[in-house]
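Now for the letters of each chain:
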Amino acid sequence: MGNSLKAIAALVPSSKCQKYLLEDLEEMPVDKMVDLSGSQLRRLPLHVCSFKELVKLYLSDNNLNYLPPELEQLQNLQILALDFNNFKALPLVVCTLKQLCILYLGNNKLCSLPLELRLLQNLKTLWIESNCLQRLPEVVCELRLLKTLHAGSNALRTLPGRLRRLQELRSIWLSGNLLAEFPTVLLDMPLLEVIDVDRNSIRFFPSLAHLPGLKLVIYDHNPCRNAPKVAKGVRRVGRWSEETPEPRKRSGAVVEITLHEKLSPPPAAKPEPE
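Definitions and limits used
- Residues numbered from 1 in each chain as written.
- Predicted model: local features only at pLDDT ≥ 70, side-chain atom pairs only at ≥ 80, totals over all residues.
- Heavy atoms only, no water.
- Helix = DSSP H or I, 4+ residues; strand = E, 2+ residues; numbered from the N terminus.
- Buried < 20%, exposed > 50% of the residue type's maximum accessible area, 1.4 Å probe, protein only.
- Areas by Shrake-Rupley, 256 points an atom, 1.4 Å probe, with all protein chains shown as cover.
- Pairing = 2+ DSSP bridges.
- Axes fitted to C-alpha atoms, helices over the stretch in contact; angles between N-to-C directions.
- Salt bridge = Lys/Arg side-chain N within 4 Å of Asp/Glu carboxyl O.
- Phe/Tyr/Trp six-rings, centres within 6.5 Å; stacked < 30°, edge-to-face > 60°.
- Polar contact = N/O pair within 3.5 Å; in protein donor to acceptor, adjacent residues only side chain to side chain.

The protein carries the name LRC10 protein in an unreviewed UniProt entry, which gives Indicator maculatus as its organism.

Written out as structure tokens, the structure is:
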């Protein structure tokens, strides 16, 4: 959508705005995708709900805080993007979309998630980063097929023990929270491949060498006095990673490595989440 059309959409009433936004969407899109991201929407155009074969719906970066009950008609929807909006609560109609595999809820104002989220048993990827969560909602632990959880930039201080139920979980992203200790529940999840606890307040890391599936652990920007021990071949990103040897302890004091010990180049930049 061009800038001129965005300007019109911002000024006209929402009912008329729908006409402009959907003038090219009179029929079901061939690719079964509708992308209305960045369209300054205050409400979802109802016409979209008539596309019952829709598979992907992107509503990112709008001004939405409500979704109509008609959204329930989109029972084939697999991807729904609601990030960068004004939701203070997840509309319950989202929980009726039982074929959803990927749900983007980041950068809203969510303080909790409804128990009805448990109905989304096909969900594999959940983005809830940059919200107002002070604890990880227990209902997340009931999403048995979840593989990827993005929960960074909230106010999490711990993780629920029931998280170990998620036997399909492979990556968890917790950067920018308030974790003072490494979440012990993660030590009981041997199939985890990626653990990101960057930018927390963790002072000590337990050994992660017993996690056979681990491929990457990101622990930078923590006030830690040690690096997490990992199995051979696991990449670490943080202080004293494999590229920068950890200071040795002698008689309870930390001593710096000697000058003749070889230092490798600094670690590569932190990868973007998948």
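J.: When you look at the overall build of the protein in this model, what are you seeing that I'm missing?
T.: Of the regular secondary structure elements, the protein holds two helices and 12 strands. Taking all 274 residues of the protein together, 44% fall into the buried category. Total accessible area on the protein stands at roughly 14500 Å², and carbon and sulfur atoms take up 52% of it.

J.: Quick question: what am I supposed to make of the environment of L163 here?
T.: When you line up the elements, L163 lands in the loop between β6 (148-150) and β7 (171-173). Using a relative accessible area of 0% as the deciding quantity, one classes L163 as buried. Considered as a pair, L163 and E138 are 25 residues apart in the sequence and their alpha carbons are 8.1 Å apart.

J.: So what exactly am I meant to see when it comes to the sheet that holds strand β4 (residues 102-104) here?
T.: Pairing between the strands of a sheet is mediated by backbone hydrogen bonds and can be parallel or antiparallel. As summarised here, the arrangement of the 10 strands in space is β1-β2-β3-β4-β5-β6-β7-β8-β9-β10, forming an open sheet in which the pairing is parallel. Sheet topology places β1 (33-35) and β10 (235-237) at the edges, where each strand pairs with a single neighbour. With direction set aside, neighbouring strand axes in the sheet form an average angle of 5°. Here three bridges tie strand β8 (residues 194-196) to strand β9 (residues 216-218), and the two strands are oriented parallel to one another. Within β9, the residue paired with I195 across the bridge is V217.

J.: It is not clear to me how the pattern of salt bridges should be interpreted in this structure. Could you clarify?
T.: Taken as a whole and assessed by the stated rule, the structure comprises seven salt bridges. For the salt bridge of E138 with R162, the shortest nitrogen-to-oxygen distance reads 3.1 Å. Residue E138 is located in the loop between β5 (125-127) and β6, and its partner R162 is located in the loop between β6 and β7; the two are separated by 24 residues in the primary sequence. A relative accessible area of 39% means that E138 is categorised as partly exposed. Here R162 falls in the partly exposed class, since its relative accessible area comes to 28%. Across the pair R162 and E142 runs a salt bridge, and its minimum N-O distance is 3.5 Å.

J.: Mind showing me how you'd approach the packing of aromatic side chains here?
T.: Where two aromatic rings form a pair, the distance of their centres and the angle of their planes describe that pair. For the coordinates displayed, the defined rule picks out three aromatic pairs. On the numbers, 5.5 Å between centres and 35° between planes, the contact of Y104 with W127 is tilted. Taken together, the residues Y104 in strand β4 and W127 in strand β5 connect sequence positions 23 residues apart. The partly exposed category is assigned to Y104, whose relative accessible area is 22%. The buried category is assigned to W127, whose relative accessible area is 16%.

J.: Just to check I follow, could you spell out the environment of E181 for this structure?
T.: Looking at the element boundaries, E181 is found in the loop between β7 and β8. The exposure class assigned to E181 is exposed, which follows from its relative accessible area of 62%. Through-space distance from the C-alpha of E181 to that of T158 is 7.8 Å; in sequence the pair is 23 residues apart.

J.: Just checking my understanding: could you explain the side chain of N226 for this structure?
T.: For N226, the location among the structural elements is in the loop between β9 and β10. N226 gets classed as buried once you look at its relative accessible area, which sits at 9%. A distance of 2.9 Å separates a polar side-chain atom of N226 from the backbone oxygen of F205.

J.: Would you take a moment to explain unusual backbone geometry for this structure?
T.: Leaving glycine aside, a negative phi is the common case for residues, and trans is the common case for peptide bonds. If you check the backbone angles, F84 has positive phi at about 60° while not being a glycine. Locating F84 in the fold gives a position in the loop between β3 (79-81) and β4. Positioned with a positive phi, N107 is a non-glycine residue whose angle comes to about 55°. Examined against the element boundaries, N107 turns out to sit in the loop between β4 and β5. Under the relative-accessibility criterion, N107 is labelled partly exposed at 27%.

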